[in-house]
Amino acid sequence: MNRRIASLAFVGDLLTQCGSRWLPRVVQAGTDLLLPPSCNFCGCVLDRPGRQPLICEPCRADFVKRTLPACPRCAAPVHPFEQGPDCIRCRKRRYAFQAAVAMGIYRDRLREAVIRMKQRVHEPLTISMGYLLAETMSEAVRSHQPDLLVPVPTYWLKRLRRGVNGPELLAEALGARLSIPAVKGMLYSRRSTKKQGTLLPVERLRNVRDAFGVKRRRDLQGASVMLIDDIMTTGATASEAARTLRKAGASRVTVLVVARGVGADHLA
Ligand SMILES: [Zn+2]
Ligand SMILES: [Zn+2]
């Protein structure tokens, strides 16, 4: 049922984007009347109207908690005295993207949320996380002035097995709220790859090499693209996706993820 609320709220938000003022309110009033809106992560009843993101305050505080500043190149947490154009994690890495930003760190409840987001049953949570990204990261997104939001693709077989495409849902919700086109299918996965999390950093690069292809190249010429994904750890997947987009004509590629994976030795 919670899923139905999320879907209707999503429709309401899309209607707002279309310029309709009263229709979203009618949809909202109807859903609030049928069922009190609840947090799409912990299930607690929300004490405010059910407008997206349907995430309660304690969950939100956990998801966006950052005690340290972030590296502008790879989005990893850095100590204030280490602030610069890169950090110790990314200094020796070559990325095809120009910058990366993350809403939070892949640990605790945000880690749990990202894991859930890979399951179809938690689709409403993914949609809400897309709206939370819009709410908390709008300044960072706008500072990079993307023309297009492009979700990092998943191989079709994996997508079929999961029954959900998290990065697409995130990009759609984010794009709807920030009025930036989210383009599905422009970047696609050409082959199956092993799970990056199970590989060594050097193997991760090899695993994703030439894994992506581009459709609708004309729309990409000279465009500033922001790649959207749920998690980034070494940046190998995002970099390969960025390399493919730039080879196909994108002028600039940046990355936005829900969570930055920093391994066991995280700083924050
Ligand atoms: Zn909650
Ligand atoms: Zn860095």
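What counts, and at which threshold
- Residues numbered from 1 in each chain as written.
- Chains lettered and ligands numbered in written order.
- Predicted model: local features only at pLDDT ≥ 70, side-chain atom pairs only at ≥ 80, totals over all residues.
- Helix = DSSP H or I, 4+ residues; strand = E, 2+ residues; numbered from the N terminus.
- Expected span 1.5 Å × (residues − 1).
- Buried ≥ 20, exposed ≤ 12 C-beta atoms within 10 Å, placed from the backbone.
- Pairing = 2+ DSSP bridges.
- Axes fitted to C-alpha atoms, helices over the stretch in contact; angles between N-to-C directions.
- Contact = placed C-beta atoms within 7 Å.
- Core = buried A, V, L, I, M, F, W, Y, C linked by C-beta atoms within 7 Å.
- Left-handed = near helix turned anticlockwise from the far one by under 90°.
- Nonpolar A, V, L, I, M, F, W, Y, C, P; charged D, E, K, R; others polar.
- Parallel < 35°, antiparallel > 145°, perpendicular 65-115°, else oblique.

1. Describing helix H5 (residues 123-143)
Here is step 1: Relative to the 30 Å expected for 21 residues at 1.5 Å per residue, H5 spans 29 Å between its end C-alpha atoms, a close match to the ideal helical length.
Here is step 2: Burial within H5 is extensive, with 15 of its 21 residues counted as buried.
Here is step 3: Of the residues flanking the end of H5, it is Gln 145, one or two places downstream, whose phi is positive at about 45°.

2. Topic: the sheet that holds strand E1 (residues 99-105)
One key point about sheets: their strands pair by backbone hydrogen bonds, in either a parallel or an antiparallel sense.
Here is step 1: Strands sit in the order E1-E6-E5-E2 across an open sheet of four strands; the sheet is parallel. Two strands bound the open sheet, and with one partner strand each, they are E1 and strand E2 (148-151). With direction set aside, neighbouring strand axes in the sheet form an average angle of 25°.
Here is step 2: Note: strand E5 (residues 224-232) against strand E6 (residues 252-260), eight bridges, orientation parallel. Within the sheet, the bridge partner assigned to Ile 228 lies in E6 and is Leu 256.
Here is step 3: Sheet contacts for helix H4 (residues 108-116): E1, E5 and E6; angle to E6, the most-contacted strand, approximately 110°.

3. Concerning unusual backbone geometry
Here is step 1: Going from Gln 52 to Pro 53, the amide bond is cis rather than trans, its omega being 0°.
Here is step 2: For Pro 53, the location among the structural elements is in the loop between helix H2 (22-34) and helix H3 (57-63).
Here is step 3: Despite not being glycine, Ala 75 shows a phi value in the positive range, around 70°.
Here is step 4: Turning to its location among the elements, Ala 75 is positioned in the loop between H3 and E1.
Here is step 5: Despite not being glycine, Asp 108 has its phi angle at roughly 50°, a positive value.
Here is step 6: Summarising the element assignment, Asp 108 is placed in helix H4.
Here is step 7: On the basis of neighbour counts, which here come to 12 C-beta atoms within 10 Å, the residue Asp 108 falls in the exposed class.

4. What about the pairing of E1?
The side chains of a regular strand alternate, residue by residue, between the two faces of the sheet.
Here is step 1: The buried fraction of E1 is high, at seven of seven residues.
Here is step 2: As paired elements, E1 and E6 share six bridges and run parallel to each other. Its bridge partner being in E6, Val 101 is matched across the sheet by Leu 256.

5. Considerations on the nonpolar core
Here is step 1: In this structure, Ala 75, Ala 100, Leu 133, Val 150, Leu 227, Ile 228 and Ala 259 are the most contacted members of the largest nonpolar core, which totals 72 residues.
Here is step 2: If you tally residues by element for this core, the top one is H5, at 10 residues.
Here is step 3: Not counting the four nearest positions on each side in its chain, Leu 133 is found in contact with Met 103, Leu 170, Leu 174, Leu 256 and Val 258.

6. Quick look at the packing of helix H8 (residues 201-208) against helix H9 (residues 236-247)
Here is step 1: Where H8 meets H9, the axes come as close as 9 Å, and the angle between the chain directions of the two elements is 35°. For the crossing formed where H8 meets H9, the hand is right-handed. Here Arg 204, Leu 205 and Val 208 of H8 lie close against H9, whose contacting residues are Ala 236, Thr 237 and Glu 240.
Here is step 2: Taken together, the residues that form the contact of H8 with H9 break down as three nonpolar, one polar and two charged.

7. Comments concerning the packing of H5 against helix H7 (residues 166-178)
Pairs of packed helices are described in terms of their axes, by the angle between the two and the distance that separates them.
Here is step 1: Between H5 and H7, whose axes approach to 8 Å, the crossing angle comes to 50°. The angle between H5 and H7 places the two elements in the oblique class. Between H5 and H7 lies a crossing of right-handed hand. Along the contact surface, H5 presents Glu 123, Thr 126, Ile 127, Met 129, Gly 130, Tyr 131, Leu 133, Ala 134, Ser 138 and Val 141, while H7 presents Gly 166, Leu 169, Leu 170, Glu 172, Ala 173, Leu 174, Arg 177 and Leu 178.
Here is step 2: Looking at the contact of H5 with H7 residue by residue, the class counts come to 11 nonpolar, four polar and three charged.

8. Comments concerning the environment of Ile 228
Here is step 1: Structurally, the position occupied by Ile 228 is in strand E5.
Here is step 2: Residue classification places Ile 228 among the buried positions, given that 29 C-beta atoms sit within 10 Å.
Here is step 3: In sequence terms Ile 228 and Glu 172 are 56 residues apart; their C-alpha atoms lie 9.9 Å from each other.
Here is step 4: Not counting chain neighbours up to four residues away, the residues in contact with Ile 228 comprise Leu 149, Val 150, Pro 151, Val 152, Pro 167, Leu 170, Ala 171, Leu 174 and Leu 256.

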